[in-house]
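What the coordinates show
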Amino acid sequence: MALDVWFALVALFFVGGLTPGPAVMLVLASSFRYGFKPALLPAMGVASANVMWLVLAASGTAVLFELYPTATLALKLIGLAVLLYMGLATMFGPLPNLDVSADDAPRRSRLYGKGVLLQATSPMPVVYFGMLLPQFFQADTHLGPQFAIMLVTITCLEMFGLSVYAAGALVIKRILKSQRAARTFNVLIGIIMIASGAWAVISTA
């Protein structure tokens, strides 16, 4: 992979990793409730699901998105429904307990699975992996090395961005002392999750 192409890839996913979206909101909420380390589990789930999206991008599946728009739209709407459910559950569900700690967190597999499910069904990766990433593959270069470089680069950038938000949640936790503030925080997370999913569906229609 040419160095200038790699720099462009880093710029794209560095900004994408720091842009608030469903994955960021999930990690932020997990860190807010259980702490920094447990929040890294859904972050790892998101990064794991990205491998699937990267394989699809490398295999030319992006072309199928154009050939079968109806089926693609159905998949994106299913993903939007998942985000809608998660967003509404966050907005109107029980308020987070400020006294909850890492010892009270759900099983690791459950936190990890939430990240995998969210990223695997979210319409957001369609934008990055289905529309933008295929442009970075160079036809005159072997696919294997390109795939490996992209995998390492995207995974590191994704984990960095999500870790930043997981660490930032510790500061937010100190601010949200009242129930009103906590409810406002939950509603904000839910709105961003739903809005970002809707934007992904509309922008790739």
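So, here is what we can say about the structure in this document. Quick caveat: nothing in here was measured; it's all calculated off a predicted structure.

**With respect to the overall build of the protein**
Along the protein, the regular secondary structure elements total nine helices and zero strands. Its helices and strands in sequence order give the protein the pattern α-α-α-α-α-α-α-α-α, from N to C terminus. Among the 205 residues that make up the protein, the fraction classed as buried is 42%. Here the contacts in the protein between residues at least 6 apart in sequence split such that 89% fall between residues at least 24 apart. In the structure as shown, the protein presents an accessible area of about 10700 Å², 70% of it carried by carbon and sulfur atoms.

**Topic: the side chain of Thr153**
Note that Thr153 resides in helix α8 (residues 143–175). You can call Thr153 buried: its relative accessible area is 10%.

**Points about helix α2 (residues 22–34)**
When the terminal C-alpha atoms of α2 are compared, their 18 Å separation across 13 residues agrees well with the 18 Å that a helix rising 1.5 Å per residue should span. Counted residue by residue, α2 has 11 buried out of 13 residues, so it is predominantly covered. Of the positions making up α2, those classed as buried are Pro22, Ala23, Val24, Met25, Leu26, Val27, Leu28, Ser30, Ser31, Phe32 and Tyr34. Positive phi appears at Gly35, one or two residues downstream of α2, with a value of about 110°.

**Topic: the environment of Gly16**
Tracing the sequence through the fold places Gly16 in helix α1 (residues 3–18). C-alpha of Gly16 to C-alpha of Tyr128: the two residues are 112 residues apart in sequence and 8.4 Å apart in space.

**Quick notes on the packing of α2 against helix α3 (residues 36–58)**
Between α2 and α3, the shortest axis-to-axis distance is 7 Å and the interhelical angle comes to 160°. Here α2 lies roughly antiparallel to α3, going by the angle between them. Like other packed secondary-structure pairs, α2 and α3 cross with a definite hand, here right-handed. Each of Ala23, Leu26, Val27, Ser30, Ser31 and Tyr34 in α2 lies in contact with α3, whose residues at this interface are Phe36, Pro38, Ala39, Pro42, Ala43 and Val46. Classifying every residue of the contact of α2 with α3 by side-chain character gives 10 nonpolar, two polar and no charged.

**Regarding the packing of α3 against helix α6 (residues 108–121)**
Contact pair α3 / α6: the axes reach a minimum separation of 7 Å and the direction vectors enclose 40°. Between α3 and α6, the interaxial angle falls into the category oblique. As for the relative orientation of α3 and α6, their crossing is right-handed in sense. On the side of α3, the interface is formed by Pro38, Leu41, Pro42, Met44, Gly45, Val46, Ser48, Ala49, Asn50, Met52 and Trp53, while α6 contributes Arg108, Leu111, Tyr112, Gly115, Val116, Gln119 and Ala120. Considered class by class, the residues forming the contact of α3 with α6 number 12 nonpolar, five polar and one charged.

Conventions and cut-offs
By convention here, each chain's residues receive numbers from 1 onward along its written sequence. At least 70 in pLDDT is required for a residue's local features to be given in this predicted model, at least 80 for side-chain atom pairs to be given and counted, and no such filter applies to totals for whole chains, interfaces and linings, which use all residues. To get the side-chain values, take all heavy atoms of the structure and skip hydrogens and water. Only DSSP runs of H or I covering at least 4 residues are called helices, and only runs of E covering at least 2 are called strands; the numbering of each starts at the N terminus. Summary of the burial criterion: residues with accessible area below 20% of their type's maximum are buried, those above 50% are exposed, and those between are partly exposed, where the area comes from a 1.4 Å probe applied to protein chains only. Contacts: residue pairs with any heavy atoms within 4.5 Å of one another. To be clear on the numbers: accessible area is Shrake-Rupley with a 1.4 Å probe, and residue cover counts the displayed protein chains and nothing else. The length a helix should cover is 1.5 Å for every residue beyond the first. Where helices are involved, their axes are fitted lines through C-alpha atoms of the stretch in contact, as for all axes, and angles between N-to-C directions lie from 0 to 180°. Each angle is binned into one of four classes, with values under 35 degrees roughly parallel, values over 145 roughly antiparallel, values of 65 to 115 roughly perpendicular, and all other values oblique. Rotating anticlockwise by less than a right angle from the far helix to the near helix defines a left-handed crossing, while the corresponding clockwise rotation defines a right-handed one. Residue polarity is assigned by list, with Asp, Glu, Lys and Arg as charged and Ala, Val, Leu, Ile, Met, Phe, Trp, Tyr, Cys and Pro as nonpolar; anything else, Gly included, falls into the polar class.

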